[in-house]
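Chain and residue survey
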Amino acid sequence: MIIRYLDFMERLEYELIQSKDEGLNVAAEELKFKDIQTKANSLAVDKLQAEAKQVLQELALKKPSDELNNNEPNDLTDIRKTLGSSQKLSLADLDSDATYNAILGAWLGRAGGCLLGKPIERYHRTAIREMLESNDNWPLDNYFTQIGMPAKILEKYPWKRRWGLESLRENISCMPEDDDLNFTMLNLHTLETYGPEFSSEDIGTSWLNKLPVYEVFTAERVAYHNLLNGISPPESATTMNPFREWIGAQIRADLWGYVCPGDPEKAAELAWRDARMTHVRSGIYGEMFFAAVIAAAFVEHDLRKLMIIGLEHVPPNSRFAKAIKLVLQMPIEDQDWEKVVDGLYAAFGHYHWVHTINNAALTVAALLHGGGDYEKTITNAVMGGWDTDCNGATSGSIIGVISGAQQLPPKWVDPLNNVVRSSLGGFDNSKFTDLARRTQKVASGIKINGGVGLIINTDDF
């Protein structure tokens, strides 16, 4: 039985790409892969898998250069050694009601952005535009609809198989299940269960207890498989895992920011504990960066300043940091969005559509161009293509914190009906208002800026 993302042939194909991106010489292994491919129709499946696995094991023996290891460490202590000083933010203006409003805004903003990008996840920006122009919905300003779309377009670009139809404007009754929301809820469960000193192993236990394996993809599915085989973090992230710098950790960043309002350093630390179970380098940095940005967004609303704060918590000479710095150098606010995206594709279009770096760059650009406007931000993120639901979710989460639930446009929030579906044990049909209250309660127990956590009235819970 061949399982997607665990297939050794698929893993070998992407490991060759990943290894080259790490600066390794894989010419010999590429020739072996091509030889295996030529025999694909004549070899039994188990033999084919065995040969591909052997080449993967050979690749695992190759070690990245000292320069890469120094510029892009995986250990938190080593990451922090690369950093300069970071800004200290104040919580003085945040009371309990304001914090709840921001946290609820984050949950709802994340859900709305995710839902917007969900039915067309994986489609290139040109396909998205063709779809929207076919029923006069370009540029995007509402949830997708198939009303008025020609049959040939619907046949050419079918909606996402998993909850795609349920994500269309005419069918929305709640937030359908999505891994972007599953992980946010799962991280809440981890904090509720293990407390703020949770370990990476506790994250793994939460996954095995709560998360069905077919609800995880790419690096997460490989890491899940490794956990089941007794491989603990951080080896769970590195053992035959060619997706280790893809977007999976980045989409798990938000909850850590929600529970560390005003303390990006602590949020980045919690994100690191989570990310190292499944990812390395860019994969880890994507989660740390956005967790820091979200934590800072509770008290700092200037979007460029927020991106700079996020950069203070990732290695400055990493490929990830260089990509974000390149985006910050672009005159994004002064350009048409399509021209901005042209520049992003020119710089980062060589990455896979679910890699961390290109999607992080697009999300940052969407935020800057959106200027704090929720609708403009999430529609920018989704019209840009690549991992549309993830980028809509992350950008929507950040603007949701800044705006607060009370200021989010009803057009985007009301269709959610305050409900999210999930296959996580104990989370199906959760209410966003309940999730926000639970998040705020957890935040009250985390040490912020070296002091006590938020002071709230626990009688409300």
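Structural data are supplied above this passage.
Residues numbered from 1 in each chain as written. Predicted model: local features only at pLDDT ≥ 70, side-chain atom pairs only at ≥ 80, totals over all residues. Heavy atoms only, no water.

Let's talk about the state of the cysteines
Basically, it comes down to this: Two cysteine sulfur atoms form a disulfide, by the criterion used here, when they sit within 2.5 Å. Here the term buried applies to any residue with accessible area under 20% of the maximum for its type, exposed to any over 50%, and partly exposed to those in between, with areas from a 1.4 Å probe on protein chains only.
Applying the stated criterion across every chain yields a total of zero disulfides. With no disulfide partner, Cys114 has as its closest neighbouring cysteine sulfur the one in Cys390, 7.0 Å distant. Taking relative accessible area as the criterion, Cys114 reaches 0% and is therefore assigned buried.

Comments concerning the nonpolar core
Worth spelling out the cut-off: Residues enter a nonpolar core if they are buried and are Ala, Val, Leu, Ile, Met, Phe, Trp, Tyr or Cys, with the set joined through side-chain atoms within 4.5 Å.
Of all hydrophobic cores here, the largest spans 136 residues; its most connected members are Trp107, Phe144, Phe289 and Phe432. Leu24, Phe33, Ile36 and Ala52 belong to the second-largest nonpolar core, a separate cluster that totals 14 residues.

Some words on the pattern of salt bridges
We count it as follows: Any carboxyl oxygen of Asp or Glu within 4 Å of a side-chain nitrogen of Lys or Arg constitutes a salt bridge here. Counting from the N terminus, the helices are DSSP H or I runs at least four residues long and the strands are E runs at least two residues long.
For the coordinates displayed, the defined rule picks out 33 salt bridges. A salt bridge links Arg273 to Glu269, with the nearest nitrogen and oxygen atoms 2.8 Å apart. A residue pair is termed a helical-turn pair when its members lie 3 or 4 positions apart in one helix, as Arg273 and Glu269 do in helix H14 (residues 264-275) at four residues. Comparing Arg273 with Glu269 shows no difference in burial state: the two are buried. The residue Arg421 makes a salt bridge to Asp428 at a minimum N-O spacing of 2.7 Å. Judged by its relative accessible area of 34%, Asp428 falls in the partly exposed class. Via salt bridges that share partners, Arg125, Arg129, Glu133, Glu338 and Asp342 belong to a single interconnected network.

Digging into the layout of surface pockets
Selection rule: Using only the protein atoms, space was sampled on a 1 Å grid; points where a 1.4 Å probe fits but cannot get out form cavities, open sets with protein on both sides within 12 Å along at least five of seven lines form pockets, and lining residues are those with an atom within 4 Å of a point. Grid points are joined across faces, edges and corners, and a volume is the space filled by probe spheres set on the points. Ten residues, namely Ala, Val, Leu, Ile, Met, Phe, Trp, Tyr, Cys and Pro, are considered nonpolar, four, namely Asp, Glu, Lys and Arg, are considered charged, and the remaining ones, Gly among them, are considered polar.
Approximately 800 Å³ is the volume attributed to the largest pocket. Lining of the largest pocket is provided by 33 residues; of these, Tyr5, Glu121, Lys160, Phe217 and Trp353 occupy positions nearest its centre. Elements with a contribution of two residues or more to the lining of the largest pocket: helix H1 (8-21), helix H9 (179-194) and helix H11 (218-228). The computed volume of the second largest pocket comes to approximately 580 Å³. Looking at the second largest pocket, it is lined by 27 residues, and the ones nearest its centre are Lys63, Thr238, Arg244, Val280 and Arg281. Residue assignment for the lining of the second largest pocket shows that the elements contributing at least two residues are H1, helix H3 (45-60) and helix H12 (235-238). Grouping the constituent residues of the lining of the second largest pocket by class yields eleven nonpolar, seven polar and nine charged.

Here's the deal with the packing of aromatic side chains
For clarity, the cut-off: Each Phe, Tyr or Trp ring (for Trp, its six-membered ring) is paired with any other whose centre lies within 6.5 Å, and the angle between the two planes then decides the class: stacked below 30 degrees, edge-to-face above 60, tilted in between. As a reminder, the over-ring test applies to NZ of lysine and CZ of arginine, requiring each to be within 6 Å of the ring centre and within 35 degrees of the ring normal.
With the rule as written, the count across this model stands at 13 aromatic pairs. Here Phe183 and Trp207 contribute two aromatic rings whose centre-to-centre distance is 5.3 Å and whose plane-to-plane angle is 35°, an arrangement assigned as tilted. Highlighted residues: Phe183 in helix H9 and Trp207 in helix H10 (residues 200-210), separated in sequence by 24 residues. Each ring, one from Phe289 and one from Phe290, has its centre 4.9 Å from the other, and the planes form 85°; the classification is edge-to-face. The pair formed by Phe289 and Phe290 is uniform in burial state, with each residue classed as buried. For Arg252, the ring lying beneath its charged end belongs to Phe183, and the centroid distance is 5.6 Å.

Brief notes about the environment of Leu132
Rule in force here: Only heavy atoms matter for contacts: two residues are in contact if any of them lie within 4.5 Å across the pair.
Tracing the backbone through its elements, the reader meets Leu132 in helix H7 (residues 125-134). Accessibility expressed as a relative area gives 2% for Leu132, which makes it buried. Dropping the residues within four chain positions of it, Leu132 is found in contact with Asn137, Trp138, Leu140, Phe144 and Met149.

Quick look at empty space enclosed by the protein
Gaps left between atoms show up when a probe the size of a water molecule is rolled over them. Overall, the coordinates contain one cavity of 30 Å³ or more when judged by the stated rule. Lining the largest cavity are ten residues, and of these Gln87, Lys88, Asp263, Pro264 and Glu265 sit closest to its centre. Its residues placed into classes, the lining of the largest cavity shows two nonpolar, five polar and three charged.

Notes on the packing of helix H6 (residues 96-117) against helix H23 (residues 432-443)
The following threshold applies: Between N-to-C directions, angles span 0 to 180 degrees; the directions come from axes that are lines fitted to C-alpha atoms, helices contributing only their stretch in contact. By definition in this entry, angles of less than 35 degrees are roughly parallel, angles greater than 145 are roughly antiparallel, angles of 65 to 115 are roughly perpendicular, and the rest are oblique. Each crossing gets its handedness from the near helix: less than a right angle anticlockwise from the far helix is left-handed, clockwise is right-handed.
Packing of H6 against H23 leaves a shortest axis separation of 9 Å and a crossing angle of 130°. As summarised for this structure, H6 and H23 are arranged oblique, according to the angle between their axes. Here H6 and H23 pass one another in a crossing that is right-handed. Together, Ser96, Thr99, Tyr100, Ile103, Leu104, Trp107, Leu108 and Ala111 of H6 and Phe432, Thr433, Leu435, Ala436, Arg437, Thr439 and Gln440 of H23 make up the contact between the two elements. Residues that form the contact of H6 with H23 fall into these classes: nine nonpolar, five polar and one charged.

Thoughts on the packing of H14 against helix H15 (residues 282-297)
Describing two packed helices takes the angle between their axes plus the distance from one axis to the other. Where H14 meets H15, the closest approach of the two axes is 8 Å, and the angle between their N-to-C directions is 150°. The orientation of H14 relative to H15 falls into the category roughly antiparallel. Seen along the crossing, H14 lies across H15 with a hand that is right-handed. Residues Pro264, Ala267, Ala268, Ala271, Trp272, Asp274 and Ala275 of H14 touch H15, and the partners they reach there are Ile284, Glu287, Met288, Ala291, Ala292, Ala295 and Ala296. Of the residues contributing to the contact of H14 with H15, the split by class is twelve nonpolar, no polar and two charged.

Re helix H18 (residues 337-348)
Put simply, the test is: Expected span of a helix: the number of residues minus one, times 1.5 Å. N or O atoms closer than or at 3.5 Å make up a polar contact, with two conditions inside protein: a donor-capable atom paired with an acceptor-capable one, and, for residues adjacent in sequence, both atoms drawn from side chains.
End to end, H18 covers 16 Å across twelve residues, agreeing with the expected 16 Å (1.5 Å per residue, within 8%). The secondary structure elements touched by the buried residues of H18 are H7, helix H17 (319-329), helix H19 (356-370) and helix H20 (374-383). Between the side-chain oxygen of the N-cap and the backbone nitrogen of Glu338 there are 3.0 Å, and the N-cap of H18 in question is Asp336.

As for H9
The first and last C-alpha atoms of H9 sit 22 Å apart over 16 residues, in line with the 22 Å expected at 1.5 Å per residue. Most of H9 sits out of view: 13 of its 16 residues are buried. Between the side-chain oxygen of the N-cap and the backbone nitrogen of Asp180 there are 2.9 Å, and the N-cap of H9 in question is Asp178. Gly195 sits one or two positions beyond H9 and adopts a positive phi of about 80°.

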